[in-house]
Amino acid sequence: QVQLVESGGGLVQPGGSLRLSCAASGSIFSIGDMGWYRQAPGKQRDLVATITRGGRSNYADSVKGRFTVSRDNDKNTVYLQMNSLKPEDTAVYHCNAHIIDYNRVIVGGQDYWGQGTQVTVSS
């Protein structure tokens, strides 16, 4: 089975920084696009950033210039560097990856989700 595990969340003051990571493991044949999503209490889950296997990235307007998404294909890991954090960034952050399971190559890829990591920005 394929599994995604996030880490790096925590409590930080406004203007501070955090770096999230998400590592995929299991019977992985290949990984396509990867991304980060966030969900605050009572709100929908929103896209934060995505990155292709080749390194092309896209960001939500609310985080452009502050967040940077990157990946290490050798480690099957995607990162999210978050700078100049605001209280509005407080949410549970989930990673997502489109992955082809080694045992399901003919079937094709499907989306996998991590368990989430809490980010709280407060003074």
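Model, not experiment: these values are computed from the prediction. (Residues numbered from 1 in each chain as written. Predicted model: local features only at pLDDT ≥ 70, side-chain atom pairs only at ≥ 80, totals over all residues. Heavy atoms only, no water.)

Caption draft 1: Examining the overall build of the chain more closely. When helices and strands are counted, the chain shows zero helices and eleven strands. Start at the N end of the chain and walk to the C end: the helices and strands fall as β-β-β-β-β-β-β-β-β-β-β. For 123 residues, the compact-globule formula gives about 14 Å, and the C-alpha radius of gyration of the chain, at 14 Å, lands near that figure. Structurally, the chain occupies a C-alpha span of about 50 × 25 × 25 Å along its principal axes. The buried share of the chain, reckoned over its 123 residues, is 39%. (Helix = DSSP H or I, 4+ residues; strand = E, 2+ residues; numbered from the N terminus. Rg over C-alpha atoms; globule rule 2.2 N^0.38 Å. Buried < 20%, exposed > 50% of the residue type's maximum accessible area, 1.4 Å probe, protein only.)

Caption draft 2: Seen up close, the pairing of strand S9 (residues 91-101). By the criterion of burial, S9 is predominantly enclosed, with eight of the eleven residues buried. Sheet analysis places strand S4 (residues 28-39) next to S9, joined by nine bridges and oriented antiparallel. Residue pairing for S9: Ile28 is matched across the bridge by Asp101. Alignment of S9 against strand S10 (residues 110-113), held across four bridges, turns out to be antiparallel. Residue His98 lies in a different strand from S10, and its bridge partner there is Asp111. (Pairing = 2+ DSSP bridges.)

Caption draft 3: Spatial organisation of the state of the cysteines. Overall, the coordinates contain one disulfide when judged by the stated rule. Here Cys22 is linked by a disulfide to Cys95, with a sulfur-sulfur distance of 1.9 Å. Note that Cys22 is positioned in strand S3 (residues 18-25) and Cys95 in strand S9, a separation of 73 residues in sequence. Since its relative accessible area comes to 0%, Cys95 is described here as buried. (Disulfide = S-S within 2.5 Å.)

Caption draft 4: Spotlight on the layout of surface pockets. The calculated volume of the largest pocket comes to roughly 180 Å³. Around the largest pocket, the lining comprises 15 residues; the ones closest to its centre are Arg38, Ala40, Lys43, Asp46 and Glu88. Residue assignment for the lining of the largest pocket shows that the elements contributing at least two residues are S4 and strand S5 (46-51). With three residues, S5 is the single largest residue contributor to the lining of the largest pocket. Classifying every residue of the lining of the largest pocket by side-chain character gives seven nonpolar, four polar and four charged. (1 Å grid on protein atoms, 1.4 Å probe; cavity = no way out; pocket = protein on both sides within 12 Å on 5 of 7 lines; lining within 4 Å. Points joined across faces, edges and corners; volume = space filled by probe spheres on them. Nonpolar A, V, L, I, M, F, W, Y, C, P; charged D, E, K, R; others polar.)

Caption draft 5: Focus on a nonpolar patch on the surface. Taken together, Phe29, Tyr102, Val105 and Ile106 make up a surface patch of nonpolar side chains, about 480 Å² in accessible area. Secondary-structure assignment places Ile106 in the loop between S9 and S10. (Patch = residues over 30% accessible without salt bridge, like charges linked within 9 Å, V, L, I, M, F, W, Y side chains within 5 Å. Areas by Shrake-Rupley, 256 points an atom, 1.4 Å probe, with all protein chains shown as cover. Salt bridge = Lys/Arg side-chain N within 4 Å of Asp/Glu carboxyl O.)

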